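An overview of the molecular structure
Single-letter residue listing:
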Protein chains: 2
Amino acid sequence: MPHVSIDTIKAQIASVLTAWGMPADQVTTTAELMVEADARGIDSHGIGMLPQYHERRKEGKIIVPGDIRVVKDLPAMTFIDAGHALGHVSAKMAMQSAITKAQDMGVAIGVVRESNHFGAAGVYSTMALEQGMIGIAMTGTSQRSIVPPRAKEPMYSTNPIAMAAPSKRNPAFSLDMATSTVAVGKLNIYRRAGKPMPVGWALKEDGLPETDAEAAFYSTPKRMTPLGGTQDGGSHKGYGLAIMVDILCSVLTGSYFGGRDLHTGETGDFINVGSFFLAIDPVFFRGEPGAFEADMDALIDQMHGVSPLDPAQPVLVPGEPEEAARAIRLRDGVPMTDTLFNEVKRVAEESGTPFLFG
Amino acid sequence: MPHVSIDTIKAQIASVLTAWGMPADQVTTTAELMVEADARGIDSHGIGMLPQYHERRKEGKIIVPGDIRVVKDLPAMTFIDAGHALGHVSAKMAMQSAITKAQDMGVAIGVVRESNHFGAAGVYSTMALEQGMIGIAMTGTSQRSIVPPRAKEPMYSTNPIAMAAPSKRNPAFSLDMATSTVAVGKLNIYRRAGKPMPVGWALKEDGLPETDAEAAFYSTPKRMTPLGGTQDGGSHKGYGLAIMVDILCSVLTGSYFGGRDLHTGETGDFINVGSFFLAIDPVFFRGEPGAFEADMDALIDQMHGVSPLDPAQPVLVPGEPEEAARAIRLRDGVPMTDTLFNEVKRVAEESGTPFLFG
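Residues numbered from 1 in each chain as written. Chains lettered and ligands numbered in written order. Predicted model: local features only at pLDDT ≥ 70, side-chain atom pairs only at ≥ 80, totals over all residues. Heavy atoms only, no water.

**Some remarks on the overall build of chain A**
Put simply, the test is: Counting from the N terminus, the helices are DSSP H or I runs at least four residues long and the strands are E runs at least two residues long. Only C-alpha atoms enter the radius of gyration; for comparison, a globular chain is expected to reach 2.2 Å times N to the power 0.38, where N is the number of residues. Only heavy atoms enter the contact rule, under which two residues are in contact if any of them lie within 4.5 Å. Under the convention used here, a 1.4 Å probe and the Shrake-Rupley method define accessible areas, while residue burial counts only the protein chains that appear.
If you tally the helices and strands in chain A, you get 12 helices and 11 strands. Taking 21 Å as the expected radius of gyration for a compact globule of 358 residues, we find that chain A reaches 20 Å, a close match to that expectation. Partitioning the intrachain contacts of chain A with sequence separation of at least 6 by distance along the chain shows that 66% fall at a separation of at least 24. Counting only carbon and sulfur atoms, one obtains 50% of the accessible surface of chain A, whose full area is about 13100 Å².

If you want it as structure tokens, here you go:
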């Protein structure tokens, strides 16, 4: 599989966004946040999203440039209307305003409405680390792919939760997880490998487990499970967490739920994604600067110190797999499938800008 | 199984706490919050905890009355030191101060350090409902019973997350979940029934699944799994969520992690539990009063409207099982096992106060 450097991916994204008419500062922000997902190994949320963004822009669901504006600004909260722009710029604004306000208040929230896909949640939560803060990021989504326990049909999507907390000696804690058992990308990996999937990842129309990855991946709609996988496995908990995310992101901001109007259940002219960001400054709680970070290091050390079942597989802390991927990909570039290579080529051509991977 | 009325349980708890020397107002608060867990069907977190509180008080780990005091008080945050008192009173103070401050700020946090077990997390998150707010409650714990992915030994406990959000027509959304696959009580149910447990609830010492409920329940230490159950099932996500809870509750407040000092890994004279509470006032975000509640009703209606696999088992929203249990138990009382009956009798006798269930 050919590898493409982080810089080339960023330049390609930037050239396409510029061709779409996005202002230069927004291009820089969006390209940096998108390629950061690729760097961390989150292939589903970086340049891999560009073809979908392209389609949605053509459909008029993503407006470039959108009219992004602050609709409410109080000491501990900021409410941003993204004007149906692509989600990265407004998400960064909301997270940054939460961080700035938490410097005065100890805690602050930023929320966004009338937005679109914002990439990987973890690129926002980790923004808090530079200021020594805890960051939390969540988002609603635009599709129905996860089936609630007992239900026949999917009602919401992967509703991610991301949280980051600073340490000093160790890489920072950084959780970035879908509240579903697995991401769609994992179905695709099993499909390509021709392997049966574990029970508990996806369902058939009759509610029985689907272990055929080909069938699960191409099912319309997709029928994936909440974290927990089965009722015995606690899927009501993954479902509850997902609804928690949608309450904070979608209901709190007056946005759509799973891409649909809450009252009519219908899709509309726009995606109307809502997102939620929270920053907490530990210095307000611990007093002494560095005390929180020292305890985070101790927590991470404790986890690294647990006896592993297999000495070759030490116990990890959330964020370490992404940190490891980042080191490799900054050096070697990002592996690019033929499919994505060709899709990006088509997007560049249709956008009237050079294709840079060739 | 004999049933004991909610009022009798409350009176029994109150008489024991009074005998321990707890001030009258704290007795009322603690008894009400404990019996509320019983009313909701959360048997593990109501009067069922009284014998353990009794033991811990005798050991000097719970101080009655403890010196509960506010150590930091800012516009959007309150930090309470519980002085090693039983956890309910300080937890209620922290949640209520978060609610009061969120009325001015839109969002506020309350945290507690040097505390003990506070009962069920959901009795605090639902306090926000009366003020039309979203409430979140989490707590660290004092034991090690959950094994991180790849590890041999348990490192933390059930680290619960509770969240409540108000509606108008429907019962409120109320999630109250351990971040483990199941609670200890579920092992006990399978043990008593002599049934093998599903794979993914508990582990043997060698890391393989333990399906013998007797062995899992009596194992020292317990070896239960994070939500997700297995690595294929996404147990790294349940693990990540649990560490998120411990960061917000334990690291943010300078408390113990799984009952142990973060730096030495040792237990100490006290349990040093930390807890975290958050309140958000939706009116700050939605403007129009009632808009949030109307959307919550629409969300709940959508869930109730999904076609169920089995028409006899409609799709539920978090909080409905507890709501149903509450209606039955307020009418019929709480079923009481012989074991608990006798344990409470012994606590009453040893505390020098009448036994009221006889």
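**Looking at the pattern of salt bridges**
To keep it simple, the criterion reads: The term salt bridge refers to a pairing of a side-chain nitrogen on Lys or Arg with a carboxyl oxygen on Asp or Glu at a separation within 4 Å. Exposure categories follow from relative accessible area, calculated using a 1.4 Å probe and restricted to protein chains: below 20% of the type maximum is buried, above 50% is exposed, and the middle band is partly exposed.
Counting across every chain of the model gives 30 salt bridges over all chains. We note a salt bridge from Arg40(B) to Glu36(B), for which the minimum N-O separation is 2.7 Å. Across the pair, exposure class does not vary: Arg40(B) and Glu36(B) are buried alike. Measuring nitrogen to oxygen at the nearest pair gives 2.9 Å for the salt bridge that ties Arg326(B) to Glu36(B). Taken together, the positions of Arg326(B) in helix α11 (residues 320-332) and Glu36(B) in helix α2 (residues 24-39) put the pair 290 residues apart, joining distant regions of the chain. What emerges from the salt-bridge pattern is a single network uniting Glu55(A), Lys58(A), Arg346(A) and Glu350(A).

**Comments concerning the environment of His236(A)**
Residues and elements named next belong to chain A. Inspection of the secondary structure assignment puts His-236 in helix α8 (residues 235-251). A relative accessible area of 42% places His-236 in the partly exposed class. C-alpha of His-236 to C-alpha of Gln-96: the two residues are 140 residues apart in sequence and 33 Å apart in space.

**Some remarks on the relation of the copies chain A and chain B**
This is how the line gets drawn: Residues below a pLDDT of 70 in either copy are left out; the C-alpha atoms of the rest, at least 70 in both, set the least-squares superposition of the copies.
The operation relating chain A to chain B is a screw motion whose rotation component is 180 degrees, with 0.0 Å of axial translation and a residual RMSD of 0.0 Å. Between the two chains, the operation in question is that of a two-fold axis. Among all residues of chain A, the minimum C-alpha distance to the rotation axis is found for Gly228(A), at 2.3 Å. A share of 100% of the interface residues of chain A reappears at the interface of chain B, consistent with the copies meeting face to face through the same patch.

**Quick notes on the domain arrangement of chain A**
All names here are of chain A. Here is the rule: All the domain ranges listed were derived from an automatic or database domain assignment. Buried area adds together the accessible area that both of two parts lose upon being put together, with accessible area traced by a 1.4 Å probe. Polar contacts, as counted here, are pairs of nitrogen or oxygen atoms within 3.5 Å of one another; within protein the pair requires one atom able to donate a hydrogen and one able to accept it, and residues that are adjacent in sequence qualify only if both atoms are side-chain atoms. Under the scheme applied, nonpolar residues are Ala, Val, Leu, Ile, Met, Phe, Trp, Tyr, Cys and Pro; charged residues are Asp, Glu, Lys and Arg; polar residues are all the others, including Gly.
Each assigned domain of chain A is listed with its residue range as follows: domain 1 (1-59 + 320-358) and domain 2 (68-181 + 225-318). With centres defined by C-alpha atoms, the gap from domain 1 to domain 2 works out at 23 Å. Contact with domain 1, which involves 19 residues of that partner, is made by 23 residues of domain 2. Summed over both partners, the interface of domain 1 with domain 2 comes to about 1800 Å²; 62% of that surface belongs to carbon and sulfur atoms. The largest contributions to the domain 1 side of the interface with domain 2 come from Leu-33, Arg-56 and Glu-320, which together make up 36% of the buried area. Between the two partners, domain 1 and domain 2, sit zero salt bridges. For the pair domain 1 and domain 2, the number of links is six residue pairs in polar contact (both at pLDDT 80 or more). Every element with two or more residues in the side of domain 1 that touches domain 2 is listed here: α2 (24-39), α3 (50-59) and α11 (320-332). When residues in the side of domain 1 that touches domain 2 are grouped by element, the largest group, seven residues, is from α2. Broken down by class, the residue content of the side of domain 1 that touches domain 2 amounts to nine nonpolar, five polar and five charged.

**As for the nonpolar core**
Convention followed: For the purposes of this section, nonpolar cores are sets of buried Ala, Val, Leu, Ile, Met, Phe, Trp, Tyr and Cys residues that join through side-chain atoms within 4.5 Å.
Grouped together as the largest cluster of nonpolar side chains are 120 residues, with contacts concentrated most on Ile247(A), Phe276(A), Ile280(A), Ile247(B), Phe276(B) and Ile280(B). In this structure, Ile280(A) is in contact with Ala102(A), Gly106(A), Val107(A), Met133(A), Ile134(A), Phe285(A), Ile109(B), Leu248(B), Leu252(B) and Phe276(B), ignoring residues within four places of it in sequence.

**Side note on the interface of chain A and chain B**
In this assembly, 85 residues from chain A lie in contact with 85 residues from chain B. Here chain A and chain B share zero salt bridges between them. At the boundary of chain A and chain B, one finds 28 residue pairs in polar contact (both at pLDDT 80 or more). With 10 residues, the top contributor of residues to the side of chain A that touches chain B is α8(A). Across the side of chain A that touches chain B, the residue classes break down as 58 nonpolar, 15 polar and 12 charged.

**Side note on the packing of helix α1 (residues 6-19) of chain B against α2(B)**
Residue and element names in this part refer to chain B. Which entries qualify depends on this criterion: Between the N-to-C directions of two axes lies an angle of 0 to 180 degrees, each axis being a line fitted to C-alpha atoms and, for a helix, fitted only over the stretch in contact. Reported orientations rely on four angle classes, namely roughly parallel under 35 degrees, roughly antiparallel over 145, roughly perpendicular from 65 to 115, and oblique for the rest. By convention, the crossing between two helices is left-handed when the near helix turns anticlockwise from the far helix through less than a right angle, and right-handed when the turn is clockwise.
Contact pair α1 / α2: the axes reach a minimum separation of 9 Å and the direction vectors enclose 140 degrees. It follows that α1 is oblique to α2 by the angle criterion. Crossing of α1 over α2 shows right-handed handedness. Residues Ile-6, Ile-9, Lys-10, Ile-13, Ala-14, Leu-17 and Thr-18 of α1 touch α2, and the partners they reach there are Val-27, Thr-30, Ala-31, Glu-32, Met-34, Val-35, Asp-38 and Ala-39. Of the residues assigned to the contact of α1 with α2, the class counts are 10 nonpolar, two polar and three charged.

**Let's talk about the sheet that holds strand β6 (residues 161-165) of chain A**
For clarity, the cut-off: Two strands make a pair as long as DSSP finds a minimum of two bridges between them.
Sheet architecture is open: seven strands sit in the order β2-β3-β4-β10-β5-β6-β7 (chain A), paired in mixed fashion. Bordering the open sheet on either side are β2 (69-74) and β7 (173-177) of chain A, each of which pairs with just one other strand. Along the sheet, successive strands turn relative to each other by an average axial angle of 10 degrees, direction set aside. As judged from the five bridges shared by strand β3 (residues 77-81) of chain A and strand β4 (residues 107-115) of chain A, these two strands associate in the parallel manner. Considered in β4(A), the bridge of Thr78(A) is made with Gly110(A). The strands touched by α8(A) within the sheet are β5 (134-139), β6 and β10 (273-280) of chain A, with β5(A) carrying the most contacts at an inclination of about 95 degrees. On top of the sheet, helix α8 (residues 235-251) of chain B reaches β5, β6, β7 and β10 of chain A; it is set at about 135 degrees to β7(A), its chief contact.

**A look at helix α12 (residues 338-351) of chain A**
All names here are of chain A. The test is simple: One less than the residue count of a helix, multiplied by 1.5 Å, gives the span that helix is expected to have. Regarding the arc, it is the one traced by the directions from the helix axis to the C-beta atoms.
Given a rise of 1.5 Å per residue, 14 residues ought to cover 20 Å, and the 20 Å separating the end C-alpha atoms of α12 matches this to within 8%. When we look at burial in α12, the residues that qualify are Leu-340, Val-344, Val-347, Ala-348 and Ser-351. One face of α12 carries all of its buried residues, which in axial projection span an arc of 95 degrees. Along α12, the residues that are exposed and aim more than 90 degrees away from the buried face are Asp-338, Thr-339 and Glu-349. Looking at the buried positions of α12, the neighbouring elements they touch are α1 (6-19) and α3.

**Focus on the packing of aromatic side chains**
The description of an aromatic ring pair rests on the distance of the ring centres and on the angle between the ring planes. We count it as follows: Pairing of aromatic side chains requires ring centres within 6.5 Å, counting the rings of Phe and Tyr and the six-membered ring of Trp. Pairs whose planes differ by under 30 degrees are stacked, by over 60 edge-to-face, and all others tilted. Only when the NZ of Lys or the CZ of Arg is both within 6 Å of the ring centre and within 35 degrees of the ring normal is a charge said to sit over the ring.
Scanning the entire structure with this criterion turns up 20 aromatic pairs over all chains. Judged by centre distance (5.9 Å) and plane angle (40 degrees), the rings of Phe118(A) and Phe277(A) are tilted. Separated by 159 residues along the polypeptide, Phe118(A) in the loop between β4 and α5 (122-125) and Phe277(A) in strand β10 bring together distant segments of the chain. A relative accessible area of 0% places Phe277(A) in the buried class. Summarising the aromatic geometry, the rings of Phe285(A) and Phe79(B) are spaced 6.3 Å apart at their centres and angled 50 degrees between planes, so their arrangement reads as tilted. Placement of the pair is Phe285(A) in helix α9 (residues 283-286) and Phe79(B) in strand β3 (residues 77-81), with the two residues belonging to separate chains. Here Phe79(B) falls in the buried class, since its relative accessible area comes to 1%. Members of the aromatic cluster, joined through ring pairs, are Phe118(A), Tyr124(A) and Phe277(A). Sitting above the plane of the Phe79(B) ring, Arg113(B) keeps its charged end 5.2 Å from the centroid.

**Topic: the confidence of the model for chain A**
What counts is decided by this rule: Residue-level confidence of the predictor is summarised by pLDDT, bounded by 0 at the bottom and 100 at the top.
Summarising the model, chain A shows a mean pLDDT of 96, and 100% of its residues fall at 70 or more. Of the two predicted TM-score estimates for the complex, the pTM is 0.98 and the ipTM is 0.98.

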